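# Structural overview
Read off the chains here:
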Amino acid sequence: MLAIRDVETLHMQMTDGVQLAADVYRPVGPETYPVLVMRLPYGRKVASTVVLAHPAWYAAQGYIVLVQDVRGRGGSQGVFRVLEDDIADGAFTLSLAADLAGGNGRVASYGFSYHGMNQFMALAGAKRSGGKVPDAMAIAMAAFDVRNHWAFEGDGFRLQSNQVWACQMAVENARLAGDIAAVNALRAALPSLHSGPISAKPEALEHASRYTHYHDWLADDPAYWRERSPKTVLEGVTLDVPVLHVGGWNDIMLEGTFAAFDAFSSGPCLQRLSVGPWSHLPWGRRVGALDAGLEAAGGIDSEILAFFDEVLKGRENRYPKIRLFDVGRKAWVGFENLPRTDELLLHLTSGGRAAPTSVDGKLDDKAGSSNSDYLVHDPWRPAPSVGLHLGTPSDFADRAAIDDRADVAVYTSEPLDSPLFLVGAPDVELFLTCDRPSFDLDCTLSALAPDGAAITVTAGHKTMMAHDNVSVIVVRMRPMCMTVPVGHCLRLSIQAASFPAFPVNPGTGARPQDAAFVDGLVTTLVLRSGDAHPSVVRLRLLAETGAESDTATLRKAQYASDLQ
């Protein structure tokens with residue numbers, strides 16, 4: 001590792017005269033180095049250290065690192081507007097970084113979450129202006145479609161996470177405006193938002209509306225999302241930049257990681273993908289109820305460094321192009337391309353009591369006789385959100401107690417007699433009717449252990465409105481990678497609410513985020529199964545033949561042997 005100079009603070013003037021503050025970390029010595037750029041709205045001293053190594057560590061590996069406060073945050077001038085100014089400011093910052101003293105003209109960007117998304121925006125700005133295009137990007141846990149990968153899921157408004165982040169951002173906006181009364185009110189409201197908001201329009205955010213984007217998100221105007229989503233601002237742009245895409249199985253923006261990888265893979269440049277067992281933060285071996293093992297404890301810095309060394313310095317990269325963490329085996333598995341999968345259909349069957357009990361509903365490889373399960377949703381006691389990316393607690397959690405609720409329909413397979421390597425995004429196809437114009441569906445796949453613990457694996461949510469007059473509904477679940485061990489069962493749990501992750505659907509046809517809590521109606525869903533109504537869960541298994549690398553095939557075989 002190289003010695004590091006004292007940190008230098010720059011005030012970088014944008015094209016409209018606004019100055020943005022940045023800290024620069026440089027190695028000691030006369031050599032020139034590539035420049036790494038990180039732009040973030042949480043204060044440049046934080047510098048993504050909630051999940052990544054300090055910028056000084058990256059500088060010590062032979063890079064100049066520039067960490068900048070985005071417009072209207074930290075020490076930068078201007079007004080912060082979510083992803084609105086990052087196109088122009090990001091592009092101009094890349095151009096300035098290319099001319100930074102001590103730099104060799106090569107510039108890359110890195111960061112996670114918001115500072116992943118604004119890398120996409122900077123690329124769009126650079127392409128539009130003809131400025132410096134990044135030579136590489138390392139983008140971790142970022143939305144590619146801001147509405148559907150961040151603010152909403154299955155057209156359901158992500159209530160709790162949206163409110164907590166809006167409150168956090170509004171606090172800093174109010175502080176910079178000198179409105180200490182608003183700061184204090186927002187900070188006082190945070191504990192109640194973390195414990196479960198009752199209203200989609202909490203008083204603290206209503207009073208602080210001038211400091212927050214939250215009401216724009218509630219309004220859900222398509223024009224608003226188009227201007228702020230990497231997917232739309234990059235339409236028509238040649239995506240010719242090498243990118244390392246980093247995700248987490250429990251990350252709120254996981255779909256964005258896969259969507260961006262897919263979009264950039266259509267271009268001519270190297271694309272790498274790494275998905276760990278983590279949620280948005282932190283990234284370690286403890287992931288909720290699961291100890292993911294030593295291989296999960298190392299974070300992602302070494303892989304980011306290897307990627308930059310490969311692209312910017314021409315060094316060999318020892319990591320596979322696709323690296324997925326197998327949650328069941330507690331180990332990474334490598335592929336040359338995204339693994340090909342086969343489909344496994346499991347049919348929902350029951351004796352009509354899959355909701356009032358957790359033992360009646362079954363998952364079977366054949367459709368059973370025709371049957372109906374009645375799932376009654378009472379808005380006064382909505383089924384809670386537990387585990388994974390939006391639940392409380394989050395990450396891999398034991399939801400067995402929730403499955404015992406009578407407003408959760410539960411379907412369980414027989415114990416596995418051989419390990420099952422699940423990879424990809426499952427989906428659930430349900431034949432159902434409802435006695436109200438609108439309703440929610442929340443589906444969770446769990447691995448049921450012999451001791452009765454039901455550890456959440458993946459989930460999907462869908463909000464159905466009055467115009468969605470269909471009798472067959474497909475709920476797409478989030479991508480996953482897990483070897484389910486011998487003796488475990490697969491379990492599908494179906495709820496008509498997931499609170500406070502999502503607002504309670506009132507059943508009236510009104511948007512859930514607009515409805516008053518007292519407007520909610522008792523709603524009954526009838527889930528049908530059998531030959532005439534083949535409700536199923538579609539699982540994806542690693543294909544026995546396909547394009548996976550020899551190394552991956554060997555590792556898969558070893559996993560199966562180890563788990564017998």
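Let me sum up the structure you'll find in this document. Fair warning: this is a prediction, and the values are worked out from it, not measured in the lab.

## Quick word on the pairing of strand β3 (residues 33–40)
Burial runs high along β3: eight of the eight residues are buried. Sheet analysis places β3 next to strand β5 (residues 103–112), joined by four bridges and oriented parallel. Bridge pairing in β5 links Val37 to Ser109. Inspection of the sheet shows β3 paired to strand β4 (residues 64–69) by six bridges, in the parallel sense. Across the sheet, residue Leu36 finds its bridge partner in β4, namely Val65.

## Quick notes on the pattern of salt bridges
Summed over all chains, the structure comprises 37 salt bridges. Between Arg39 and Asp86 there is a salt bridge; the shortest N-O distance is 2.9 Å. Of the two residues, Arg39 sits in strand β3 while Asp86 sits in helix α2 (residues 86–98), which places them 47 residues apart along the sequence. The exposure class of Asp86 is buried, given its relative accessible area of 4%. Look at the salt bridges and you will find they share partners, linking Arg81, Glu84, Asp85, Glu227 and Arg228 into a network.

## Considering the nonpolar core
Counting 91 residues, the largest nonpolar core has Phe308 and Ile494 as its most contacted members. A per-element tally of this core places helix α12 (residues 301–313) first, with six residues. Those residues in contact with Phe308 that lie beyond four places of it in its chain are Leu36, Tyr63, Ala108, Ser109, Tyr110, Ala136, Met137, Ala138 and Lys313. Membership of the second largest hydrophobic core comes to 59 residues, among which are Leu83, Ala170, Tyr214 and Ala260.

## Notes on helix α11 (residues 254–265)
Between its first and last C-alpha, α11 extends 17 Å over 12 residues, near the 16 Å set by a 1.5 Å rise per residue. All of the buried residues along α11 are Leu254, Gly256, Thr257, Phe258, Ala260, Phe261 and Phe264. Of the surrounding secondary structure, the elements contacted by the buried residues of α11 are α3 (114–129), β6 (136–140), α4 (146–151), β9 (243–250), β10 (271–279) and β13 (322–326).

## Side note on the state of the cysteines
One pass over the full model with this rule turns up zero disulfides. For Cys434, which is in no disulfide, the shortest distance to another cysteine sulfur is to Cys443 and amounts to 14 Å. Residue classification places Cys434 among the partly exposed residues on the basis of a relative accessible area of 25%.

## Examining the side chain of Gln495
The residue Gln495 is located in strand β25 (residues 489–495) in this model. From its side chain, Gln495 meets the backbone oxygen of Ala497 in a polar contact 2.7 Å long. Those residues in contact with Gln495, other than ones at most four positions away along the chain, are Leu375, Ala383, Pro384, Arg399, Ile402, Asp407, Val408, Asp440, Leu441 and Asp442.

## Overview of the side chain of Asp309
Considering the arrangement of structural elements, one finds Asp309 in helix α12. Take Asp309: its relative accessible area is 11%, and that puts it in the buried class. Here the side chain of Asp309 touches Tyr63 through a polar contact of 2.6 Å, side chain to side chain.

## Regarding the environment of Gly72
With respect to the helices and strands, the residue Gly72 is situated in the loop between β4 and α2. The sequence separation of Gly72 and Asn173 amounts to 101 residues, and the corresponding C-alpha distance is 7.6 Å. Those residues in contact with Gly72, other than ones at most four positions away along the chain, are Gln77, Gly78, Val79, Phe80, Asn173 and Leu176.

## Considerations on the environment of Arg128
In this fold, Arg128 is placed in helix α3. Distance in space between the C-alpha atoms of Arg128 and Val146 is 21 Å, their sequence separation being 18 residues.

## Overview of unusual backbone geometry
Note the cis peptide between Leu281 and Pro282, where omega equals 0°. If you trace the backbone, Pro282 turns up in the loop between β10 and β11 (286–287). Residue Asp155 is not a glycine yet carries a positive backbone phi of 70°. By secondary structure assignment, the location of Asp155 is in the loop between β7 (152–153) and β8 (156–157).

## Here's the deal with the sheet that holds β4
Taking strand neighbours across the sheet as the criterion, the 10 strands line up as β1-β2-β4-β3-β5-β6-β9-β10-β13-β14 in an open arrangement whose pairing is mixed. Each edge of the open sheet carries a strand with a single partner, namely β1 (8–13) and β14 (331–335). Averaged over all pairs of adjacent strands, the angle between their axes in this sheet comes to 25°, without regard to strand direction. Across the face of the sheet, α2 comes into contact with β1, β2 (19–25), β3, β4 and β5 while running at roughly 155° to β3.

## Let's talk about the environment of Phe258
Tracing the backbone shows Phe258 in helix α11. Taking the C-alpha atoms as reference points, Phe258 and Glu303, separated by 45 residues in sequence, lie 18 Å from one another. Other than its neighbours up to four places away in sequence, Phe258 contacts Trp249, Leu273, Val275, Leu338 and Pro479.

## Digging into the packing of α2 against α3
Remark: α2 packs on α3, axes separated minimally by 7 Å, with the N-to-C direction vectors making an angle of 75°. Taken together, the axes of α2 and α3 are roughly perpendicular relative to one another. Here Asp86, Ile87, Gly90, Ala91 and Leu94 of α2 lie close against α3, whose contacting residues are Tyr114, Asn118, Met121, Ala122, Ala124, Gly125, Ala126, Arg128 and Ser129. Its residues assigned to classes, the contact of α2 with α3 comprises eight nonpolar, four polar and two charged.

Definitions and cut-offs
- Residues numbered from 1 in each chain as written.
- Predicted model: local features only at pLDDT ≥ 70, side-chain atom pairs only at ≥ 80, totals over all residues.
- Heavy atoms only, no water.
- Buried < 20%, exposed > 50% of the residue type's maximum accessible area, 1.4 Å probe, protein only.
- Helix = DSSP H or I, 4+ residues; strand = E, 2+ residues; numbered from the N terminus.
- Pairing = 2+ DSSP bridges.
- Salt bridge = Lys/Arg side-chain N within 4 Å of Asp/Glu carboxyl O.
- Core = buried A, V, L, I, M, F, W, Y, C linked by side-chain atoms within 4.5 Å.
- Contact = heavy atoms within 4.5 Å.
- Expected span 1.5 Å × (residues − 1).
- Disulfide = S-S within 2.5 Å.
- Polar contact = N/O pair within 3.5 Å; in protein donor to acceptor, adjacent residues only side chain to side chain.
- Axes fitted to C-alpha atoms, helices over the stretch in contact; angles between N-to-C directions.
- Parallel < 35°, antiparallel > 145°, perpendicular 65-115°, else oblique.
- Nonpolar A, V, L, I, M, F, W, Y, C, P; charged D, E, K, R; others polar.

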